[in-house]
Amino acid sequence: MALADHLRELRNRVVKSVLAIVLITIVALVYHKQLETLLLKPLPQCTTETAAQYHGKCAQVSTIGLTSGFTWMLKVALTAGVVGAVPIWLWQVWAFVAPGLHRHEKKYTVIFMACGAPLFLAGVGCAFLVLPTTIEVLISFTPNDTTPILPPDDYFDIATRMVLVFGLAFEFPLLLVMMNLVGMVSGKRLLGWWRGMIMAITVFAAFATPSADPLSMLALAAPIWALYFIAVAIALISDKRRARRNPDAGLDDEEASQLDLSVQPVAGAETVRASAAPTAGAAVPASHREEMDDIT
């Protein structure tokens, strides 16, 4: 297509994605009270039971300003719209890119699209499981005889950051598998990186979680460790299948392939019969012979 047609196609895909997000956002606005209750559930409210459970410290959620409640409602609904429309806008991205891909590239992108959304949603679920412990640890730093007053916006920013970090972190093993499928890295090399990968994932989890407790860090690091080794196993299986089809598939660009230099037996000479006897050529005149000598 021409450039204008590509831009028109991109506009249509973006419009469809935005419409899907807007529709789910409208539905989330209708049920914003239930969503707000679900989001605020990890906070230890100031009651007798929660105060005893959290060592005498509880949280008092308070909105500051007339428009803060409205802003909080919009943030909750819009975030629910973006997360809920993940399959739709991912499909629109795929539909825009697919016409320019080869058949095998389409197969890889379909795998990425089919696994990307579930992994992201799994990261979101893991973030919500870790969120109560994170909030408990953060509130524990509050000085004694004080009650932390938490604006919903601050709490929502922490929750959103954790959701995005956990969701994107769960996509990392899928990225490794895609790099192996396109030939960028082998499964053997991925397996050789396991010590550095475990250390890097642990350090990332320590910085990504807002709280300093090891439980939240392990809750993020442990699933990524498991997904990393699953990705390595898939890469090793893919390399074996590729090696069966092409023995030279694992060679580098500057590495020579193995040549078969063994001596093979040669069959006997084959007799070929002429279809007709060759005709004698006419004699070449002397003048032509001189010209031929000059040319030679």
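Residues numbered from 1 in each chain as written. Predicted model: local features only at pLDDT ≥ 70, side-chain atom pairs only at ≥ 80, totals over all residues. Heavy atoms only, no water.

1. Concerning the overall build of the protein chain
Logical step 1: Assigned secondary structure in the protein chain consists of 12 helices and two strands.
Logical step 2: Starting at the N terminus and ending at the C terminus, the protein chain contains elements arranged as α-α-α-β-α-α-α-β-α-α-α-α-α-α.
Logical step 3: A burial count over the protein chain gives 30% of its 296 residues as buried.
Logical step 4: Counting every atom, the protein chain has about 19900 Å² of accessible surface; 66% of that belongs to carbon and sulfur. (Helix = DSSP H or I, 4+ residues; strand = E, 2+ residues; numbered from the N terminus. Buried < 20%, exposed > 50% of the residue type's maximum accessible area, 1.4 Å probe, protein only. Areas by Shrake-Rupley, 256 points an atom, 1.4 Å probe, with all protein chains shown as cover.)

2. Observations regarding helix H7 (residues 152-169)
In an α-helix, one turn spans 3.6 residues, which is why side chains three or four residues apart end up on the same side.
Logical step 1: Here H7 is 18 residues long and its end C-alpha atoms lie 25 Å apart, about the 26 Å a rise of 1.5 Å per residue gives.
Logical step 2: By the burial criterion, the buried members of H7 are Pro152, Tyr155, Phe156, Ala159, Met162, Val163, Phe166, Gly167 and Ala169. (Expected span 1.5 Å × (residues − 1).)

3. A look at the pattern of salt bridges
Logical step 1: On inspection of all chains with the given rule, the structure shows two salt bridges.
Logical step 2: Arg8 is the salt-bridge partner of Asp5, the closest N and O atoms lying 2.7 Å from each other. Of this pair, Asp5 and Arg8 both sit in helix H1 (residues 3-30), three residues apart, which is roughly one turn of that helix. (Salt bridge = Lys/Arg side-chain N within 4 Å of Asp/Glu carboxyl O.)

4. What about the packing of helix H4 (residues 68-84) against helix H5 (residues 86-97)?
Logical step 1: The contact between H4 and H5 brings their axes to 5 Å, and the two run at 55 degrees. In terms of their interaxial angle, H4 and H5 are classed as oblique. Across the interface between the two elements, Val82, Val83 and Gly84 from H4 touch Val86, Pro87 and Trp89 from H5.
Logical step 2: Looking at the contact of H4 with H5 residue by residue, the classes come out as five nonpolar, one polar and no charged. (Axes fitted to C-alpha atoms, helices over the stretch in contact; angles between N-to-C directions. Parallel < 35°, antiparallel > 145°, perpendicular 65-115°, else oblique. Contact = heavy atoms within 4.5 Å. Nonpolar A, V, L, I, M, F, W, Y, C, P; charged D, E, K, R; others polar.)

5. Some words on the packing of aromatic side chains
Logical step 1: As enumerated under the stated definition, the model contains one aromatic pair in all.
Logical step 2: Taking the centre distance of 5.1 Å and the plane angle of 65 degrees together, the rings of Tyr228 and Phe229 count as edge-to-face.
Logical step 3: Residue class for Tyr228 comes out buried when judged on its relative accessible area of 1%.
Logical step 4: Phe229 gets classed as partly exposed once you look at its relative accessible area, which sits at 35%. (Phe/Tyr/Trp six-rings, centres within 6.5 Å; stacked < 30°, edge-to-face > 60°.)

6. Digging into the side chain of Asp239
Logical step 1: Considering the arrangement of structural elements, one finds Asp239 in helix H11 (residues 214-245).
Logical step 2: What makes Asp239 buried here is its relative accessible area of 18%.
Logical step 3: There is a polar contact of 2.5 Å between the side chain of Asp239 and the backbone nitrogen of Gly187.
Logical step 4: Not counting residues within four places of it along the chain, the set of residues in contact with Asp239 comprises Asn180, Ser186, Gly187 and Lys188. (Polar contact = N/O pair within 3.5 Å; in protein donor to acceptor, adjacent residues only side chain to side chain.)

7. Thoughts on the side chain of Thr25
Logical step 1: Following the sequence through the fold, Thr25 ends up in helix H1.
Logical step 2: Once residues lying within four places of it in the same chain are set aside, the contact partners of Thr25 are Ala77, Leu78 and Gly81.

8. Remarks on a positive patch on the surface
Logical step 1: Taken together, Lys107, Lys240, Arg241, Arg244 and Arg245 make up a surface patch of like positive charges.
Logical step 2: Considering each element in turn, the positive patch owes the most residues, four residues, to H11.
Logical step 3: When its relative accessible area of 65% is taken as the criterion, Arg244 is described as exposed. (Patch = residues over 30% accessible without salt bridge, like charges linked within 9 Å, V, L, I, M, F, W, Y side chains within 5 Å. Lys, Arg positive; Asp, Glu negative; His and termini not counted. Charge placed at Lys NZ, Arg CZ, Asp CG, Glu CD.)

9. Remarks on H11
Logical step 1: The end-to-end C-alpha separation of H11 is 46 Å, in line with the 46 Å expected for 32 residues at 1.5 Å each.
Logical step 2: Those residues of H11 lying buried are Ser216, Leu220, Ala221, Ile224, Leu227, Tyr228, Ala231, Val232, Ala235, Ser238 and Asp239.

10. Re the confidence of the model for the protein chain
Logical step 1: Across the protein chain, the average pLDDT comes to 77, with 78% of residues at 70 or higher.
Logical step 2: The lowest-confidence element of the protein chain is helix H3 (residues 48-53), averaging 50 in pLDDT; the highest-confidence one is H1, averaging 89.
Logical step 3: Here residues 51-55 scores under 50 on pLDDT; set against residues more than four positions off or in separate chains, the count is four contacts. (pLDDT = per-residue confidence, 0-100.)

11. Some thoughts on the nonpolar core
Logical step 1: Grouped together as the largest cluster of nonpolar side chains are 38 residues, with contacts concentrated most on Leu131, Ile135, Phe166, Phe170, Leu190, Leu220 and Tyr228.
Logical step 2: At the level of secondary structure, the elements contributing two or more residues to this core comprise H5, helix H6 (103-140), H7, helix H8 (172-181), helix H10 (194-208) and H11.
Logical step 3: Sort the elements by how many residues they give to this core and H6 lands first, with 11 residues.
Logical step 4: Leave out the neighbours within four places in its chain, and Phe166 touches Gly123, Cys126, Ala127, Val130, Thr209 and Leu220.
Logical step 5: Formed by five residues, the second largest nonpolar core is a distinct cluster that contains Tyr108, Val177, Leu181 and Ala231. (Core = buried A, V, L, I, M, F, W, Y, C linked by side-chain atoms within 4.5 Å.)

12. Re the environment of Trp193
Logical step 1: Assignment of secondary structure puts Trp193 in the loop between helix H9 (187-192) and H10.
Logical step 2: In this structure Trp193 comes out as partly exposed when scored by relative accessible area, which is 40%.
Logical step 3: If sequence neighbours within four positions are ignored, Trp193 has contacts with Val185 and Tyr228.

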